[in-house]
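# Topology and contacts: notes
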Amino acid sequence: MKNFFEKAALKFQRFMQGRYGADRLYRVLSWCYLIIILASAIVSRHAQKWIYYTMLALGLAVFVYSFYRVFSKNIEKRRAENEKWLTFENGLKKRFRLLRDRWKFRKTHIFRKCPKCKSVLRLKRIKGTHTVECPHCKNTFKVRSL
């Protein structure tokens with residue numbers, strides 16, 4: 001029996017040579033599939049049938065697309081898709097991190113955008129008007145704090 005599984009694993013490795021494989025976007029799509037299927041199971045008892053079937057079709061489409069990406073031989077295109085997803089995901093993380101920091105430091109700091117490069121700066125909360133230099137673009141501008 002052990003020999004059977006070793007042979008099957010070796011055949012699968014040979015099959016996957018030259019194919020893209022799993023990445024971050026595949027994992028996200030897999031979680032989306034599971035969430036959609038669980039939601040459709042909950043909805044099936046309380047909603048109309050067309051909503052249930054639409055959710056099942058959407059779940060199936062996500063499932064098929066995720067495995068299409070894994071077994072694809074167009075590696076460059078799949079890499080570009082994953083890169084776009086990672087850029088989007090990092091942007092979301094950055095926004096939520098900024099919201100978290102604004103809440104965490106709301107009593108001791110103020111947050112202002114640089115007018116030139118639009119990066120958000122965290123400044124000590126000191127009353128008055130101050131001249132600030134952006135560490136990213138070296139632009140100087142005035143900030144008023146209450």
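For the structure itself, look to the data block above.
Residues numbered from 1 in each chain as written. Predicted model: local features only at pLDDT ≥ 70, side-chain atom pairs only at ≥ 80, totals over all residues. Heavy atoms only, no water.

### Notes on the packing of helix α3 (residues 49-71) against helix α4 (residues 75-104)
Rule in force here: Here the axes come from fitting lines to C-alpha atoms, over the contacting stretch only for helices, and the angles between their N-to-C directions go from 0 to 180 degrees. Counting from the N terminus, the helices are the DSSP runs of H or I reaching at least four residues and the strands are the DSSP runs of E reaching at least two. Here is the rule for angles: anything less than 35 degrees is roughly parallel, anything more than 145 is roughly antiparallel, 65 through 115 is roughly perpendicular, and the remaining ranges are oblique. Here a residue-residue contact requires only that any non-hydrogen atoms of the pair lie within 4.5 Å.
At their nearest, the axes of α3 and α4 sit 9 Å apart, and the two run at 125° to each other. Considered as vectors, α3 and α4 are oriented oblique to each other. Between α3, through Tyr65, Tyr68 and Arg69, and α4, the contact on the second element is made entirely by Arg78, Glu81 and Asn82.

### Some details on the pairing of strand β3 (residues 128-133)
Threshold: For two strands to be treated as a pair, DSSP must find no fewer than two bridges joining them.
Pairing geometry for β3 and strand β4 (residues 140-145), over six bridges, is antiparallel. In the strand pairing of β4, Thr131 is matched with Lys142. Hairpin connection from β3 to β4: six residues lie between these consecutive antiparallel strands, with Lys138 at a positive phi of about 65°.

### Focus on the packing of aromatic side chains
Stated precisely, the cut-off is as follows: Side-chain rings of Phe, Tyr and Trp (the six-membered ring for Trp) are treated as a pair once their centres are within 6.5 Å; stacked means planes under 30 degrees apart, edge-to-face means over 60, and tilted covers the remaining angles. For every residue, the accessible area obtained with a 1.4 Å probe (protein chains only) is divided by the maximum for its type, and the residue is called buried under 20%, exposed over 50%, and partly exposed between those limits.
The tally for this structure, following the rule as stated, stands at 10 aromatic pairs. Taking 5.3 Å as the distance between ring centres and 55° as the angle between the ring planes, the aromatic pair formed by Tyr52 and Tyr53 counts as tilted. Between Phe63 and Phe67 the ring centres are 4.9 Å apart and the planes differ by 55°, which places this aromatic pair in the tilted class. Of this pair, Phe63 and Phe67 are both found in helix α3, four residues apart, which corresponds to roughly one turn of the helix. Taking the relative accessible area as the measure of exposure, Phe63 reaches 34% and is therefore partly exposed.

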